[in-house]
Every structure is written in structure tokens, then in C-alpha cells.
Amino acid sequence: MAETSPDLSLPELSFADAADGVIAMAHYAGAKGLVPATSGNFSVRMTATHAAVTATGANKAALVRDEVIEAEIAGAKHPRASAEAPLHLVRYVHAPEIGAISHIHSLAATLLSRRHEAEGVLRLEGWELLKAFSGIHTHETVMEVPIVPNDQDTDRLAMLVERRLRESPPGFGYLIAGHGLYVWGATYQDVLRHMEAFEFLLTAQLYEEGRP
């Protein structure tokens, strides 16, 4: 990974504060059924060089502090890092404005990611709840959510995602086909709001397409 530089708009966090954010996102997703069978991952940036990330194998719905690790964003892989940790850390490298990331496996996200994989994008347009995303102030908005093919080599997948995002309009998440949704924001509180908005919008899209 390339080295990153500080984003002065984001405050530095202690591990304890970052871990609390990770746990809050994980518990929210668990309560909503968005991380079945220990799936999903959550992270909060601490500094330009470190992030708090869920450890491998943790039950996210009941996540505790010991199941959150401090990982180097651009350094050696932590021995307890999950296979999907690179998809978080590479995002932090390429987008210093991001302070938190969630990865969830909702039914709506997984179904729509397969259904629209050939198009490579899911268009969300005209929904009032698009205004829940930071910086969006009107329903007269088109959000294009990129869809990338799945790959069990997550280091390779992370780089594929970054290439795709460089070619896409700015947004707040992407889909991996047949896998799930990645969501980000400046803070974990933003990510909580963005997760809830995405889940509603993807479910609405599923119903509008006539195949819930």
C-alpha cells in the first residue's frame, strides 16, 4: 500500500474511542440482521497511520473491546486481521477524508448486487431519503453505487475497488456482487446514518423492481 498523509479535517482518536465507534456500528448492524453468521466488518480511523478494526471471527452483534484490533493502515498485516481488512485499510489510504467504514451483508444489498452486476452500477434516483447522505440536499439526485465482481483474494479485490472508484462519481459506498455493501463517512455516526439510509433505499429499490 502507498503511504497516506493526515487529513487535518479529521481529529485523531484514541484506540478506546475508535473501538467504541466500531462496537456501536457492529451492534447496530447486528440488531438489524445485517451481519449474519459472524459476517461483516467495521473500522474507525484513529490517525493517518492506524485504525481500529474488527478482529477475524468475531460475532459482530455481540462485539466486545477485545475483539477490536489496532491495525496499521499501510503497514504489516495484523495477525488477528480478517481477510476483508484490506478493503477497509486501502480505502483509508486513498480517501483521507473517510473516518469510518462498515461492511454489511443485508439481503437487499446482496440480491441487488447480483441482479445488476452486468451493468456494473446500481442507480438510486429520486428518493427523498437520499438526503440522509452527507452533502445531499434534494431528492432530485442520482446516486450511482458501483458494483464490482467478487474475488477471494481481498488484496487484489481492494485494488480493483479503488480503480473502479476513481472512475466513478463520488459516493458513500459500493457493492460487491453476491457479497454485500461497503459504506463510509467522516465519522462513525455518519456511517450509522448512511447504513440505515442505504438499507431503506436498497429495500425500496428491490420492491420497485417488483421482485422483493
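Here the structure is a predicted model, which means the values were calculated and not measured. (Residues numbered from 1 in each chain as written. Predicted model: local features only at pLDDT ≥ 70, side-chain atom pairs only at ≥ 80, totals over all residues. Heavy atoms only, no water.)

Peer 1: So what's going on with the overall build of the protein? Residues and values would help.
Peer 2: Of regular secondary structure, the protein possesses five helices and eight strands. A globule of 212 residues ought to have a C-alpha radius of gyration of about 17 Å, and the protein, at 16 Å, matches this closely. Within the protein, the fraction of its 212 residues that count as buried is 51%. Of the contacts formed within the protein by residues at least 6 apart in sequence, a portion of 65% connects residues at least 24 apart. For the protein, the accessible surface area stands at approximately 9,800 Å², while carbon and sulfur atoms represent 53% of it. Side chains of the protein carry 17 positive and 27 negative charges; the gap between the two charge centres is 4 Å. (Helix = DSSP H or I, 4+ residues; strand = E, 2+ residues; numbered from the N terminus. Rg over C-alpha atoms; globule rule 2.2 N^0.38 Å. Buried < 20%, exposed > 50% of the residue type's maximum accessible area, 1.4 Å probe, protein only. Contact = heavy atoms within 4.5 Å. Areas by Shrake-Rupley, 256 points an atom, 1.4 Å probe, with all protein chains shown as cover. Lys, Arg positive; Asp, Glu negative; His and termini not counted. Charge placed at Lys NZ, Arg CZ, Asp CG, Glu CD.)

Peer 1: Which residues make up the nonpolar core, and what values do they have?
Peer 2: One finds Phe42, Leu124, Phe133, Met143 and Phe198 to be the most contacted residues of the largest nonpolar core, which totals 45 residues. Listed by contribution, the elements that provide at least two residues to this core are α1 (15-31), β1 (41-45), β4 (100-104), α3 (107-115), β5 (121-125), β6 (142-148), β8 (180-185) and α5 (188-208). In terms of nonpolar packing, the next biggest core, distinct from the first, is built from 25 residues, Ala51, Val90, Ala158 and Leu165 among them. (Core = buried A, V, L, I, M, F, W, Y, C linked by side-chain atoms within 4.5 Å.)

Peer 1: Outline the confidence of the model for the protein, listing residues and values.
Peer 2: In this model, the protein carries a mean pLDDT of 93, and residues with pLDDT of at least 70 account for 95%. This model gives residues 1-8 a pLDDT under 50, and the stretch forms 17 contacts once residues within four places in sequence are excluded. (pLDDT = per-residue confidence, 0-100.)

Peer 1: Give a description of the packing of aromatic side chains that names residues and reports values.
Peer 2: The tally for this structure, following the rule as stated, stands at four aromatic pairs. Plain terms: the ring middles of phenylalanine 133 and phenylalanine 198 are 4.8 Å apart, the flat faces sit at 70 degrees to each other, and that makes the pair edge-to-face. You can see phenylalanine 133 sitting in the loop between β5 and β6 and its partner phenylalanine 198 sitting in helix α5, a full 65 residues away along the chain. Overall, phenylalanine 198 belongs to the buried group, its relative accessible area being 0%. (Phe/Tyr/Trp six-rings, centres within 6.5 Å; stacked < 30°, edge-to-face > 60°.)

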